[in-house]
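Residues per chain, in single letters:
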Amino acid sequence: MASSHIEPTVRLRNLFDKGSAVDVNRNIPIRRYYRSCQELIRMAGVYFEEKNYENSYVFYAKFIVLSFEKLKTHPEFNKVPPAEKAANKKTLKIAFDRAEKLKPALKRKYEEEYKRYKENQKKLELQAKQEEEKRKKEEEEERKRKEEIKKKAEEEQMNAFIQEQKRKELELERLAIVAEFADKVKIDDSGPLVPADFAPPPPEPFNDIATNTTTYKPQPAVATAPALPSYDRSLKPVDLTNNYQPEVKQPTATPTSSFAASLTQSKNKYGLRTILSPADLPTKFMQLAHGNTSRNIETCGVLFGKLANEVFVITHVLIPHQKGAPDSCDTTREEDMWDFQDQYDGICLGWIHTHPSQTAFLSSVDMHTHYPYQCLMPESVAIVCSGKFNEVGYFMLDPGRGMNEIGKCRKPGFHPHPTTPPLFESCDHVKPSPTDAVHIVDWRLKPM
């Protein structure tokens, strides 16, 4: 649903444009293009059965554009037998009908996906709005909390300041009292501090006639001066020059999530579908090619397979009638190969050949040979087996520079091509499979 944000009509138009991206190379025999048309119809049918209607529509579109428009521009078009043209025209009508039926189905699918996308966007927008409101509310609460803390701290500082001022006033008052009575105060180690003016007079004598004795009248007690007030020095205020620093919470990290791609989602350089190649395929092919390899002659074969759940599997290798040389190999009676493909209902996935005395790479002739395969199907692979150097390579043309360079080249035979960087590269979408088996059919033993 990666394209669900695009309007349905635009998606449908883009899909047809993708199917229309086919061209005809005048140097490739027209019979190969007619065979390619059969491949396109076959692939479209496979995808239709798997309910992969998008890819099915693309392949029907490719077939329609190639058959209805492009083949007429080929210089060999007038040489095509009328029966083959008639058969292709009949298939073209079927492709038109199937494509027209797929259009409304795809449009409904895209409209539903677009509707879900819009609904999901509204949910996301609402969620974002709610989160924003929540964030603002939390920020406002945090601001109020900080203000309350700051206000409380200021009140505490003010109270401490007022108490200190009161303490100072009381201290000044005490010092004033002490200064006023300093000249009237005497120190008595045995008693309290008493002002001299208030010292009691000496007792008066009293004669008791009855007893003929002399006593002294008791004098009234004189109140002592009150003790000076004491002060709690712990009430000293904090330093008013220090600013209050409230606690600030650090934001927590948001965890991230990750996800892994499924098997049908390509994880290779160009996003191609995977091709599973039986691991023993090169060994079996080299065993059958050993006679030619020992005589320094190349051997070639064609790869066929099946498609299931967006994964190709190589199931058959056909070694057709051919003429080999030390550095080339040409097949003959290609129409028989097409019958073989129809018999096994297989999809052409590329080709395989040997280099008896050279390393595994693609020569200029090899690149031109592989070009039509990759034009028809981007996943097509060229397997090269080197008997002398014991190497096996799985190659393809660079989809950009390589395909453009070879597509424009009109030179026959061996000729130089740019090598920095090379026009071909190793395939990372071809995976060896130890569980899948391959069946090799060798027609060289079959009488011509």
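That block above? That's the structure.
Residues numbered from 1 in each chain as written. Predicted model: local features only at pLDDT ≥ 70, side-chain atom pairs only at ≥ 80, totals over all residues. Heavy atoms only, no water.

## As for the overall build of the chain
The following threshold applies: Runs of E in the DSSP output that reach at least two residues are strands. Runs of H or I that reach at least four are helices, and both are numbered from the N terminus. Each accessible area is a Shrake-Rupley estimate made with a 1.4 Å probe; only the visible protein chains count as cover when residues are assessed.
The helix and strand tally for the chain stands at nine helices and 13 strands. If you sum the accessible surface of the chain, you get close to 28900 Å²; carbon and sulfur atoms cover 55% of it.

## Topic: the packing of aromatic side chains
Going by this rule: Aromatic rings from Phe, Tyr and Trp, taking only the six-membered ring of Trp, are treated as a pair when their centres fall within 6.5 Å; an angle between ring planes under 30 degrees marks them as stacked, one over 60 as edge-to-face, and anything in between as tilted. Accessibility here uses a 1.4 Å probe with only protein chains present; expressed as a share of the type maximum, an area under 20% marks a residue as buried, one over 50% as exposed, and anything in between as partly exposed. Whether a charge sits over a ring depends on NZ of Lys or CZ of Arg being within 6 Å of the ring centre and within 35 degrees of the ring normal.
What the rule picks out here adds up to nine aromatic pairs. Ring centres of Phe340 and Tyr344 lie 4.6 Å apart, and the angle between their planes is 50 degrees; this geometry places the pair in the tilted category. In this pair, Phe340 and Tyr344 both sit in helix H7 (residues 334-344), four residues apart, roughly one turn of the helix. Judged by its relative accessible area of 30%, Tyr344 is partly exposed. Site record: aromatic cluster; members linked through ring pairs are Phe304, Phe340, Tyr344 and Trp443. Above the plane of the ring of Phe68 lies Lys72, whose end atom (NZ or CZ) is 4.9 Å from the centre.

## Focus: unusual backbone geometry
Cis geometry marks the peptide bond from Thr420 to Pro421; its omega dihedral reads -5 degrees. Its location among the elements puts Pro421 in the loop between helix H9 (401-408) and strand E11 (424-426). Positive phi is not limited to glycine here, since Asn296 has a value of about 60 degrees. Along the chain, the position of Asn296 falls in the loop between helix H6 (290-294) and strand E4 (300-308).

## Notes on the pattern of salt bridges
A side chain of one charge can pair with a side chain of the opposite charge when the charged atoms of the two come close. In plain terms, the rule: Take a side-chain nitrogen of Lys or Arg and a carboxyl oxygen of Asp or Glu: if they are within 4 Å of each other, that pair is a salt bridge.
A full pass over the atoms with the stated rule returns 22 salt bridges. Note that Arg35 is salt-bridged to Asp342, the shortest N-O span being 3.2 Å. Taken together, the residues span a long stretch of sequence, with Arg35 in helix H2 (residues 30-49) and Asp342 in helix H7 at a distance of 307 residues. Linking Asp342 and Arg42 is a salt bridge whose minimum nitrogen-to-oxygen distance equals 2.9 Å. Of this pair, Asp342 sits in helix H7 while Arg42 sits in helix H2, placing them 300 residues apart in sequence.

## Quick word on a nonpolar patch on the surface
Inclusion rule: Residues forming no salt bridge and having over 30% relative accessible area are the ones grouped into patches, like charges within 9 Å of each other and nonpolar side chains (Val, Leu, Ile, Met, Phe, Trp, Tyr) within 5 Å.
A contiguous nonpolar patch, built from Met158, Phe161 and Ile162 and spanning about 260 Å² of accessible area, is present on the exposed surface. Relative to the elements of secondary structure, Met158 occurs in helix H4 (residues 82-180). Residue class for Met158 comes out partly exposed when judged on its relative accessible area of 46%.

## Some words on the pairing of strand E7 (residues 328-331)
Operational definition: For two strands to be treated as a pair, DSSP must find no fewer than two bridges joining them.
In terms of strand pairing, strand E6 (residues 322-325) meets E7 through four bridges, oriented antiparallel. Within the sheet, the bridge partner assigned to Lys323 lies in E7 and is Asp330. Here E6 folds back onto E7 in antiparallel fashion, the turn holding two residues.

## Examining the layout of surface pockets
We count it as follows: Cavities and pockets are found on a 1 Å grid laid over the protein atoms alone: a cavity is a set of points where a 1.4 Å probe fits but cannot escape, a pocket is an open set with protein on both sides within 12 Å along at least five of seven lines, and a lining residue has an atom within 4 Å of such a point. Grid points are joined across faces, edges and corners, and a volume is the space filled by probe spheres set on the points. Note on residue categories: nonpolar means Ala, Val, Leu, Ile, Met, Phe, Trp, Tyr, Cys or Pro, charged means Asp, Glu, Lys or Arg, and polar means any other residue, Gly included.
If you add up the space inside the second largest pocket, you get close to 1000 Å³. Lining the second largest pocket are 41 residues; nearest its centre among them are Arg32, Glu334, His368, Thr369 and Pro372. For the lining of the second largest pocket, a count of residues per class yields 18 nonpolar, twelve polar and eleven charged.

## Observations regarding the nonpolar core
Short version of the rule: Note on terminology: a nonpolar core comprises buried Ala, Val, Leu, Ile, Met, Phe, Trp, Tyr and Cys residues joined through side-chain atoms within 4.5 Å. Working rule for contacts: check all heavy atoms of both residues, and any pair within 4.5 Å makes them a contact.
Grouped together as the largest cluster of nonpolar side chains are 73 residues, with contacts concentrated most on Met43, Leu71, Leu303, Phe312, Val317 and Ile352. Excluding residues within four positions of it along the chain, Met43 makes contact with Phe59, Arg273, Leu307, Phe312, Ile347 and Met377.

## Quick notes on helix H3 (residues 53-70)
Counted only if it meets this: Helix span, expected: 1.5 Å multiplied by one less than the number of residues in the helix.
Helix length check: H3 (18 residues) gives 24 Å between terminal C-alpha atoms against 26 Å at 1.5 Å per residue, within 8%. Burial within H3 is extensive, with 13 of its 18 residues counted as buried.

## Here's the deal with the packing of H3 against H4
Note the following rule: Between N-to-C directions, angles span 0 to 180 degrees; the directions come from axes that are lines fitted to C-alpha atoms, helices contributing only their stretch in contact. Handedness of each helix crossing follows the sense of rotation of the near helix against the far helix: counterclockwise by less than a right angle gives left-handed, clockwise gives right-handed.
Orientation of H3 relative to H4, taken along the N-to-C sense of each, is 145 degrees, at an axis distance of 9 Å. The chirality of how H3 crosses H4 is left-handed. Contacts between H3 and H4 involve Tyr53, Glu54, Ser56, Tyr57, Tyr60, Phe63, Ile64, Ser67 and Phe68 from the first element and Asn88, Thr91, Leu92, Ala95, Phe96, Arg98, Ala99, Leu102, Lys103, Leu106, Lys109 and Tyr110 from the second. Split by residue class, the contact of H3 with H4 holds 13 nonpolar, four polar and four charged.

## Quick word on the packing of H2 against H3
Helix packing geometry: the angle between the two helix axes and the distance between the axes. This is how it is decided: Angle categories are assigned with fixed cut-offs, so that under 35 degrees is roughly parallel, over 145 is roughly antiparallel, 65 to 115 is roughly perpendicular, and the rest are oblique.
Two elements in contact, H2 and H3, have axes whose closest approach is 8 Å; the angle formed by their N-to-C orientations is 160 degrees. In terms of orientation, H2 and H3 fall into the roughly antiparallel class. Between H2 and H3 lies a crossing of left-handed hand. Along the contact surface, H2 presents Tyr33, Cys37, Leu40, Ile41, Met43, Ala44, Gly45, Tyr47 and Phe48, while H3 presents Tyr53, Asn55, Ser56, Phe59, Tyr60, Lys62, Phe63, Leu66 and Ser67. Grouping the constituent residues of the contact of H2 with H3 by class yields 13 nonpolar, four polar and one charged.

Spatial relationships are all this shows, so hold off on functional conclusions.
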